[in-house]
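A structural walkthrough
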Amino acid sequence: LAREIPLNERLGKIYGADVKGDFQPVALDAGTRAGVITHPFLLSTLAYHNDTSPIHRGVFLTRNIVGMPLKSPPMANQFKDAAFDPSLTMRQKVTEMTKSADCMACHVTINPLGFSLEHYDGIGRRRDQDRGKPVDAAGELASEGGHVIPLDDARDVAEFAAATPSAHRTFIEQLFHHFIKQPVRAYGENEMETLHEAFAESSYRIPDLLQHISLDTATHTPADAPIAAK
């Protein structure tokens, strides 16, 4: 939910901020940014060299931020920009490309999340137009609980993730694997819930979560050696 990102003078010129000197926290775009979700490094990584990529961004948000599962597609479709009318926005191209029922089985989730970042170009600069047309970043996300979540921009995604247990568990799982180099399930079926409860009780403080992970793994061995070894 952070509205600031670290920028130095050189990067400030690229992203439209008046920055003097070395890296410092800067609130870009009237404070509309939303933490890591709108960090220029992430946005540029999940984009084409000359345009945005709602599909790459949407898949990342689905799996790694909001923590919703995705099945592997029955067949891979390559995005070919030259095959579309050049006057179409990226949102219009992706909508056309993924309109079949087979595609929408997953893209019903991927697309609204990816479109929520369409206000940010291929290197994460704020924009209000695409191909001379107003950017449309709005959409609706069907949560796992069956609720429909309206999304107008990236902050709506961030606020949804910050309040959603599946997103918390995804964060715990990735943090655990990053530091311990083992899947959290290798330490028992209850380890995830133990860590999730501790995370919530600490008001979601990451240092406290890391402490719990360190203590749990220092005092317990993996519950299932074959899984751990794998």
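So, here's what we can say about the structure. This one's a predicted model, so the numbers in the text were calculated from it and none came from an experiment.

1. Thoughts on unusual backbone geometry
- The backbone of Ser-203 sits at a positive phi, close to 60 degrees, despite the residue not being glycine.
- The exposed category is assigned to Ser-203, whose relative accessible area is 56%.
- With phi around 65 degrees, Tyr-204 is a residue other than glycine that occupies positive phi space.
- Mapped onto the elements, Tyr-204 comes out in the loop between helix H8 (191–201) and helix H9 (206–219).
- The partly exposed category is assigned to Tyr-204, whose relative accessible area is 37%.

2. Some thoughts on the pairing of strand S8 (residues 148–151)
- As defined by bridge partners, strand S7 (residues 139–142) adjoins S8 across four bridges and the pair is classed as antiparallel. Paired with Leu-141 across the two strands is Ile-149, which belongs to S8.
- From the end of S7 to the start of S8, which pair antiparallel, there are five residues, and Gly-146 there has a positive phi angle of about 90 degrees.

3. Section: the nonpolar core
- Counting 18 residues, the largest nonpolar core has Ile-37, Leu-61, Val-66, Leu-113 and Val-157 as the members making the most contacts within it.
- Those elements that place two or more of their residues in this core are helix H3 (54–65) and helix H6 (154–162).
- It is H6 that provides the largest number of residues to this core, a total of five residues.
- Beyond its immediate chain neighbours, meaning those up to four positions away, Val-66 contacts Leu-61, Leu-113, Val-157, Phe-160, Ala-161, Ser-166 and Ala-167.
- Leu-175, Phe-176, Leu-195 and Ile-213 belong to the second-largest nonpolar core, a separate cluster that totals eleven residues.

4. Some thoughts on the state of the cysteines
- Scanning the model with the defined rule gives zero disulfides in all.
- Cys-106 supplies the cysteine sulfur nearest to Cys-103, a cysteine that is in no disulfide, at a spacing of 9.1 Å.
- A relative accessible area of 17% places Cys-103 in the buried class.

5. Details of H6
- All of the buried residues in H6 are Ala-154, Arg-155, Val-157, Ala-158, Phe-160 and Ala-161.
- Against H3, helix H5 (101–115), S7, S8 and helix H7 (165–180) lie the buried residues of H6.
- The N-capping residue of H6, defined by a side-chain oxygen 3.1 Å from the backbone nitrogen of Arg-155, is Asp-153.

6. A short note on the packing of H7 against H8
- For the pair H7 and H8, interaxial distance at closest approach is 10 Å and the crossing angle is 110 degrees. The angle between H7 and H8 falls in the class roughly perpendicular. For the crossing formed where H7 meets H8, the hand is right-handed. Across from Pro-165, His-168, Arg-169, Phe-171, Ile-172, Glu-173 and Phe-176 in H7, the residues of H8 making contact are Glu-191, Met-192, Glu-193, Leu-195, His-196 and Phe-199.

7. A word on the packing of aromatic side chains
- Across all of its chains, the model carries five aromatic pairs by this definition.
- Between Phe-171 and Phe-199, the aromatic rings sit 6.0 Å apart at their centres with planes inclined by 15 degrees, giving stacked as the arrangement. Pair noted here: Phe-171 is in helix H7 and Phe-199 is in helix H8, with a separation of 28 residues, a long-range link.
- Note on Phe-199: relative accessible area 5%, which makes it buried.
- Ring centres of Phe-176 and Tyr-187 lie 5.6 Å apart, and the angle between their planes is 65 degrees; this geometry places the pair in the edge-to-face category. Within this pair, whereas Phe-176 is found in helix H7, its partner Tyr-187 is found in the loop between H7 and H8, the two being separated by eleven residues in sequence.
- Taking the relative accessible area as the measure of exposure, Tyr-187 reaches 15% and is therefore buried.

Scoring rules and cut-offs
- Residues numbered from 1 in each chain as written.
- Predicted model: local features only at pLDDT ≥ 70, side-chain atom pairs only at ≥ 80, totals over all residues.
- Heavy atoms only, no water.
- Buried < 20%, exposed > 50% of the residue type's maximum accessible area, 1.4 Å probe, protein only.
- Helix = DSSP H or I, 4+ residues; strand = E, 2+ residues; numbered from the N terminus.
- Pairing = 2+ DSSP bridges.
- Core = buried A, V, L, I, M, F, W, Y, C linked by side-chain atoms within 4.5 Å.
- Contact = heavy atoms within 4.5 Å.
- Disulfide = S-S within 2.5 Å.
- Polar contact = N/O pair within 3.5 Å; in protein donor to acceptor, adjacent residues only side chain to side chain.
- Axes fitted to C-alpha atoms, helices over the stretch in contact; angles between N-to-C directions.
- Parallel < 35°, antiparallel > 145°, perpendicular 65-115°, else oblique.
- Left-handed = near helix turned anticlockwise from the far one by under 90°.
- Phe/Tyr/Trp six-rings, centres within 6.5 Å; stacked < 30°, edge-to-face > 60°.

Keep in mind these values describe shape, not function.
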